[in-house]
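Here's the letter readout for the chains.
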Amino acid sequence: MEFLLGGASSMCAVLFTNPFDVLKTRQQLEGELIAKQHLKERAYKGIRQSVLTVIRTDGLRGLQKGLPAALLYQFSMNGVRLGTYQTAENLGWTKSTKNPSLTPLLSLFWGGCAGLASATASCPFYVVKTQLQAVTSGSYTARFQHHHSGTVAAFLNIFRQSGVRGLFRGYTATLARLVVGSSAQMSSFSACKEFFHRYEVFRESIVLTALASSTVAGFFTSVLMSPCDVVTTRMTNQAVSANGKGLLYRNIFDCFLKIYRAEGIHGYYKGFVPMYLRVAPHTMLNLTFWEFFKGLYERYGKR
């Protein structure tokens, strides 16, 4: 039940935040391995221009590109992540009664473990989601686009070309992204929830506590996760050879190094604004729905 509640809450959240994920993906892929001063034209500069570009080239539906894959990704990723963390919390593994000072480290550790498990479960869906979001019918400055006709076709095309390995392209980057993001999100969310529970107004409202705690958690998640997120997007969307090997990046370290050499630190934070606009409300909605569903289950499901 813990895993089901986590997945359901995440699917509710992504219905509202997927457009920002599309914008983030487009910005991260624009001007790939091109220095900022050499990038003359940008189709996705800023939120307003990015939205207009997507609508102009792909219509309003373009803002929800890859939504079915995004729903599957969120269900598998957050179902496993939140379910694993909640299970550890229920068993008392995230808190130390003998040494309270260890509690933040335990939250960080189990948040990372939850991220590790979720990365493995959700990587194929992330690959498909990213490749679908990157495709546009207009002029586009990304190095490569995978022209899949839909979610099912994307899975079949990737599997035919590269086998199972293709569905786990960029797995190490996905792993780093989710371990860092999950550790930051879950530990900061737990710490904030414990802090806000000191005040009566928060103790009386599950939703208010979740909103306040997840707002802070979303900030830490965005700042720490952005470099790994850019690398994951680049590795996932790169062109591949006939035998399924990436043509641009050999591994996560090669990708980090090439981005830094070509684009500098700025390259690691491409798409940061839409990422924050996605991560912060998604964290808020996801964890709020999660707390709400858990409350409903506690109230009605155990009768």
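Residues numbered from 1 in each chain as written. Predicted model: local features only at pLDDT ≥ 70, side-chain atom pairs only at ≥ 80, totals over all residues. Heavy atoms only, no water.

**Q** Tell me about the overall build of the protein chain, and name the residues and values.
**A** Looking only at helices and strands, one finds 12 helices and zero strands in the protein chain. For the protein chain, the sequential pattern of α-helices and β-strands runs α-α-α-α-α-α-α-α-α-α-α-α. Over its C-alpha trace the protein chain gives a radius of gyration of 19 Å, about what one expects of a compact globule, namely 19 Å for 303 residues. Looking at the 303 residues of the protein chain, the share that counts as buried comes to 53%. Long-range pairs, those at least 24 residues apart, make up 79% of the contacts in the protein chain between residues at least 6 apart in sequence. In the protein chain, 33 positive and 15 negative side-chain charges are present, and the distance between their average locations comes to 7 Å. (Helix = DSSP H or I, 4+ residues; strand = E, 2+ residues; numbered from the N terminus. Rg over C-alpha atoms; globule rule 2.2 N^0.38 Å. Buried < 20%, exposed > 50% of the residue type's maximum accessible area, 1.4 Å probe, protein only. Contact = heavy atoms within 4.5 Å. Lys, Arg positive; Asp, Glu negative; His and termini not counted. Charge placed at Lys NZ, Arg CZ, Asp CG, Glu CD.)

**Q** Which residues make up unusual backbone geometry, and what are the values?
**A** The backbone of Leu33 sits at a positive phi, close to 60 degrees, despite the residue not being glycine. Here Leu33 lies in the loop between helix H1 (2–29) and helix H2 (46–58). In this structure Leu33 comes out as buried when scored by relative accessible area, which is 17%.

**Q** Hey, could you go over helix H10 (residues 252–263) for me, with residue numbers and the actual values?
**A** Along its 12 residues, H10 runs 16 Å from first to last C-alpha, staying within 8% of the 16 Å computed at 1.5 Å per residue. Of all the positions in H10, only Ile252, Asp254, Cys255, Ile259 and Glu263 are classed as buried. The buried residues of H10 occupy an angular sector of 155 degrees when the element is viewed end-on, so they sit on one face. Relative to its buried face, H10 has exposed residues pointing more than 90 degrees away, namely Phe253 and Arg261. Contact partners of the buried residues in H10: helix H7 (171–196), helix H9 (206–237) and helix H11 (265–268). Where H10 starts, the residue carrying a side-chain oxygen 3.1 Å from the main-chain nitrogen of Phe253 turns out to be Asn251. Backbone geometry just downstream of H10 places Gly264 in the positive-phi region, at approximately 75 degrees. (Expected span 1.5 Å × (residues − 1). Arc of directions from axis to C-beta. Polar contact = N/O pair within 3.5 Å; in protein donor to acceptor, adjacent residues only side chain to side chain.)

**Q** Just give me the short version of the packing of helix H4 (residues 103–134) against H7, but keep the residues and values in it.
**A** A pair of packed helices can be characterised by two numbers: the angle between their axes and the separation between those axes. Two elements in contact, H4 and H7, have axes whose closest approach is 7 Å; the angle formed by their N-to-C orientations is 140 degrees. Looking at the two axes, H4 sits oblique to H7. As for how H4 packs across H7, the hand of that crossing is right-handed. Considered class by class, the residues forming the contact of H4 with H7 number 11 nonpolar, 12 polar and one charged. (Axes fitted to C-alpha atoms, helices over the stretch in contact; angles between N-to-C directions. Parallel < 35°, antiparallel > 145°, perpendicular 65-115°, else oblique. Left-handed = near helix turned anticlockwise from the far one by under 90°. Nonpolar A, V, L, I, M, F, W, Y, C, P; charged D, E, K, R; others polar.)

**Q** Please provide a residue-by-residue account of a nonpolar patch on the surface, values included.
**A** On the surface, Phe219, Phe220, Val223, Leu224, Tyr260, Ile265, Tyr269, Val273, Tyr276 and Leu277 cluster together into a nonpolar patch covering about 880 Å² of accessible area. Listing elements by their share of the nonpolar patch, those giving two or more residues are H9 and helix H12 (272–301). With four residues, H9 is the largest single contributor of residues to the nonpolar patch. Here Val223 falls in the partly exposed class, since its relative accessible area comes to 31%. (Patch = residues over 30% accessible without salt bridge, like charges linked within 9 Å, V, L, I, M, F, W, Y side chains within 5 Å. Areas by Shrake-Rupley, 256 points an atom, 1.4 Å probe, with all protein chains shown as cover. Salt bridge = Lys/Arg side-chain N within 4 Å of Asp/Glu carboxyl O.)

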